Amino acid sequence: MVFFSVPLGKLVRRVSRLRGGGSALPGLVVEKIDPGFMRRTLTTLPHGVAVVSGTNGKTTTTKMVVELLESQGLKVFTNRTGSNFTRGVAAALLGEVDWRGRLDADVAVLELDEAHAVHFVNSVPPRYCLLLNVLRDQLDRFGEIDKTAQLLQHIAAKTTGTVVLNREDPRVARIADTLTGQDVRYFGLDDSLLGTFPNDDDMRAAPGSPAPAGLPAKPQADVVLRKVGVDSAEFEYDGGTVTTAMKLRGVYNIFNAAAALTLARSICGGGAATANHETLLQALSQVAPAFGRGESLTVDGQPLDLVLVKNPSGFRLGLKSFPAAGYATMIAINDNYADGRDMSWLWDVEFDSLRGGGVEVLTGSRAYDMALRLQYDEVPVGAVDTDIPAALAAFIREGQGKPKRIFCTYTAMLAIRRELSKITTVEVVS
């Protein structure tokens, strides 16, 4: 079958790219004609497969893990296009295997959507998994937050080696109680940072509510984030602390760096004899944001930061990642399928920090919903225009002389990125 499916898949991939088609189409084709393609290809890798899943941070965390492992001399296969469905993984494989279906790699690190990861692990049991968080995101797809936790639990149950869990997310941490035989490791936060990274239950509790009584003691974490600086972070592991510079913007990315370190250390063996920790930290300090996720650009000589927001936690942490004053701000909210149709989560975000400087432009298909939400928090709004290209042009034109930030949902981010690519004065900084 491989002598037919791989050449056909590669042909479809080439034709699709020439026509500007979607990156997942060749994977869909090969899945239909050769369902065993992924399992047959990936199970031969010396270090197996690592799956990264969760509500927030999959793309950037996967990028970090890949670059950390490459710093240790490993050849890593990953779904770099960001298509995190199974057909996206199959399509990425078609671009890497030779005509006989052989993959030249030591390990696969795959970002997978929570629901599609379940189908993937049923076919290809991973040796490692990293489960980041469970937050209220696209509930019109998954139904309820506990359903998302069940999806992640299934991924962990199918993992044959090490499961890395977020110690600070109770729904993720509790997955450890359901496992039998897997090596469980955790990443976590210093107590001083717990208020900066609220879990879903914390965000929905009344202000000032005491912690529930009778909570079990926290397990020891393999890597703990101790401090977050403007362009640095301090981590604790192996009984000591280390400080490293960070190119990544956004406090949420820094916490995910602790997750990436934990998984990379697990794959490399975790000890000083098997992982060069100086090289790991050097690689971590050089990781740039993934496409559209905290990217720093320069437009007409002024910095512009793109911040992806898709649930209350992500938006809150995005707002915390920038000074309250001194920025021109634009918010772009769409409700396409990839964003989630239910935008009621906007009411779970506090926008008080925007009250002083206001928001210059609101855009996207749900711009007026965003305007109503900001009105309740008494945030001044300059213009509302549902047409993203026109709104972006006005925002850049009228915001001369000030650094800019754009908070945007996924499809709005793609639209903005397309428009920015047409401007000759745009430079990607990180």
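Looking up the protein chain in an unreviewed UniProt entry gives the name Lipid II isoglutaminyl synthase (glutamine-hydrolyzing) subunit MurT, with the organism given as Pseudarthrobacter defluvii. Under the Pathway (unreviewed entry) heading, UniProt states for the protein chain: "Cell wall biogenesis; peptidoglycan biosynthesis."

Here we take up the overall build of the protein chain. Helix and strand counts for the protein chain come out as 16 helices and 16 strands. When burial is assessed residue by residue, the protein chain has 55% of its 430 residues classed as buried. Restricting to contacts in the protein chain with at least 6 residues of sequence separation, those with at least 24 account for 75%.

Turning to its location among the elements, phenylalanine 77 is positioned in strand 2 (residues 76-78). Filtering out sequence-adjacent residues up to four positions away, phenylalanine 77 remains in contact with Leu42, Val89, Ala92, Leu93, Glu96, Leu103, Ala105, Val107, Ala108, Val109 and Leu110.

Let us now look at the UniProt feature "active site" (unreviewed entry) in the protein chain. Taking the numbering used here, the UniProt-annotated feature "active site" (unreviewed entry) corresponds to Asp342. Among the polar contacts made by the side chain of aspartate 342, one reaches the side chain of serine 344 at a distance of 2.7 Å.

This paragraph deals with unusual backbone geometry. In this structure, aspartate 238 takes a positive phi of about 55° despite not being glycine. Within the secondary structure layout, aspartate 238 lies in the loop between strand 8 (232-237) and strand 9 (240-245). The exposure class of aspartate 238 is exposed, given its relative accessible area of 55%. Within the chain, glutamate 378 stands out as a residue other than glycine whose phi angle is a positive 60°. Within the element layout of this structure, glutamate 378 appears in the loop between helix 14 (367-376) and strand 14 (381-385). Classification of glutamate 378 by relative accessible area gives exposed; the value is 56%.

In terms of nonpolar packing, the biggest core is built from 67 residues, with Leu69, Leu225, Phe235, Leu263, Phe315, Ile331 and Phe351 touching the most fellow members. Tallying contributions element by element places helix 11 (residues 251-268) first for this core, with 13 residues. Apart from the residues within four sequence positions on either side, leucine 225 is in contact with Gly188, Leu189, Asp190, Leu193, Phe197, Ala233, Glu234, Phe235, Ile254, Phe255 and Ala258. Judged by nonpolar contacts, the second largest core, of 39 residues, contains Ala105, Val121, Val124 and Leu152.

Bringing the pairing of strand 4 (residues 128-131) into the picture now. Residues Tyr128 and Leu130 point to one face of strand 4 and Cys129 and Leu131 to the other, with burial holding for every one of them. With four bridges joining them, strand 1 (residues 49-53) and strand 4 adopt parallel strand pairing. In the sheet register, alanine 50 faces strand 4, and the bridge partner there is tyrosine 128. Pairing of strand 4 with strand 5 (residues 162-166), which is carried by four bridges, proceeds in the parallel orientation. Bridge assignment links leucine 130 to a residue of strand 5, and that residue is valine 164.

So, on to the pattern of salt bridges. Within this structure, the stated rule accounts for 19 salt bridges. Here aspartate 146 makes a salt bridge to arginine 171, at a shortest N to O gap of 2.9 Å. With aspartate 146 in helix 8 (residues 145-158) and arginine 171 in helix 9 (residues 170-173), this pair connects stretches of sequence that are 25 residues apart. In this structure, aspartate 222 and arginine 265 form a salt bridge, with 3.0 Å as the shortest nitrogen-oxygen distance. On the criterion of sequence distance, the pair formed by aspartate 222 in the loop between helix 10 (200-204) and strand 7 (223-228) and arginine 265 in helix 11 is long-range, its members being 43 residues apart. Salt bridges linked by common partners bring Arg167, Glu168 and Lys218 together as one network.

When the terminal C-alpha atoms of helix 8 are compared, their 21 Å separation across 14 residues agrees well with the 20 Å that a helix rising 1.5 Å per residue should span. For helix 8, the set of buried residues is Ile145, Thr148, Ala149, Leu151, Leu152, Ile155 and Ala156. Axial view of helix 8: buried residues confined to an arc of 155°, hence all on one face.

Here nine strands make up an open sheet; going across it, the order is 2-3-1-4-5-6-7-8-9 and the pairing mixed. Since the sheet does not close on itself, it has two edges, and those belong to strand 2 and strand 9, each with one partner. Here the strands of the sheet are splayed against their neighbours by 20° on average, with no regard to which way each runs. Where strand 5 meets strand 6 (residues 183-189), five bridges bridge the pair, whose relative direction is parallel. When the bridges of strand 6 are listed, valine 164 appears paired with arginine 185. Contacts from helix 4 (residues 58-71) reach strand 1, strand 2, strand 3 (107-111) and strand 4 within the one sheet, and its direction differs from that of strand 3 by about 165°. Relative to strand 2, helix 5 (residues 86-96) is tilted by about 135°, and along the sheet it contacts strand 2 and strand 3.

Here we take up the packing of helix 4 against helix 11. Put simply, helix 4 and helix 11 touch, their axes get as near as 9 Å, and they point 40° apart. Of the possible angle classes, the one that applies to helix 4 and helix 11 is oblique. As helix 4 runs across helix 11, the sense of the crossing is right-handed. Two secondary-structure elements touch here, helix 4 through Thr60, Thr61, Met64, Val65, Leu68 and Leu69 and helix 11 through Asn253, Asn256, Ala257, Ala259, Ala260, Leu261, Leu263, Ala264, Ile267 and Cys268. Residues that form the contact of helix 4 with helix 11 fall into these classes: twelve nonpolar, four polar and no charged.

Before going further, it helps to spend a moment on the pairing of strand 15 (residues 404-408). For strand 15, the buried fraction is high: five of the five residues fall into the buried class. Where burial is concerned, the two faces of strand 15 agree: the one with Lys404, Ile406 and Cys408 and the one with Arg405 and Phe407 are both buried. Bridge count between strand 11 (residues 302-308) and strand 15: five bridges; the pairing is parallel. Residue pairing across strands places aspartate 305 opposite arginine 405, the latter belonging to strand 15.

The subject of this paragraph is a nonpolar patch on the surface. A cluster of nonpolar residues, Trp347, Leu372 and Tyr376, forms a patch on the protein surface that exposes about 350 Å² of accessible area. In this structure, tryptophan 347 sits in the loop between strand 12 (328-332) and strand 13 (359-363).

What counts as what
- Throughout this description, residue numbers start from 1 for each chain and increase along the sequence as written.
- In keeping with the predicted nature of the model, local features appear solely for residues at pLDDT of at least 70, side-chain atom pairs appear and are counted solely at 80 or more, and the whole-chain, interface and lining totals rest on all residues.
- Values shown for side chains rest on all heavy atoms present in the structure; no hydrogens or waters enter the calculation.
- UniProt positions are given in the numbering used here, feature names are shortened, and annotations may be inferred rather than shown by experiment.
- Helix and strand assignments come from DSSP, with helices taken as H or I runs of at least 4 residues and strands as E runs of at least 2, each series counted from the N terminus.
- Only protein chains enter the area calculation, which uses a 1.4 Å probe; residues under 20% of their type maximum are buried, those over 50% are exposed, and those in between are partly exposed.
- Note on contacts: a residue pair qualifies if any of its non-hydrogen atoms lie within 4.5 Å across the two residues.
- Here a polar contact is recorded for every N or O atom pair within 3.5 Å, except that within protein the pair must consist of a potential hydrogen donor and a potential acceptor, and residues adjacent in sequence are included only if both atoms are side-chain atoms.
- The criterion is simple. A nonpolar core is a set of buried Ala, Val, Leu, Ile, Met, Phe, Trp, Tyr and Cys residues joined through side-chain atoms within 4.5 Å.
- Two strands qualify as a pair provided DSSP detects at least 2 bridges between them.
- The term salt bridge refers to a side-chain nitrogen of Lys or Arg lying within 4 Å of a carboxyl oxygen of Asp or Glu.
- For a helix, the expected span equals 1.5 Å multiplied by the residue count minus one.
- To obtain the arc, one takes the directions from the helix axis to the C-beta atoms.
- Each axis is a line fitted through C-alpha atoms, and for a helix only the stretch in contact is used; angles between axes span 0 to 180 degrees, taken between their N-to-C directions.
- An angle below 35 degrees is treated as roughly parallel, one above 145 as roughly antiparallel, one from 65 to 115 as roughly perpendicular, and anything else as oblique.
- The crossing is said to be left-handed when, going from far helix to near helix, the turn is anticlockwise and less than a right angle, and right-handed when the turn is clockwise.
- We call Asp, Glu, Lys and Arg charged. Ala, Val, Leu, Ile, Met, Phe, Trp, Tyr, Cys and Pro are nonpolar, and the rest, Gly among them, are polar.
- Patch membership needs two things, relative accessible area over 30% and no salt bridge, and members are linked within 9 Å if like-charged or within 5 Å if nonpolar (Val, Leu, Ile, Met, Phe, Trp, Tyr).
- Note that accessible areas follow from Shrake-Rupley with a 1.4 Å probe, and for residues the cover is restricted to the protein chains shown.

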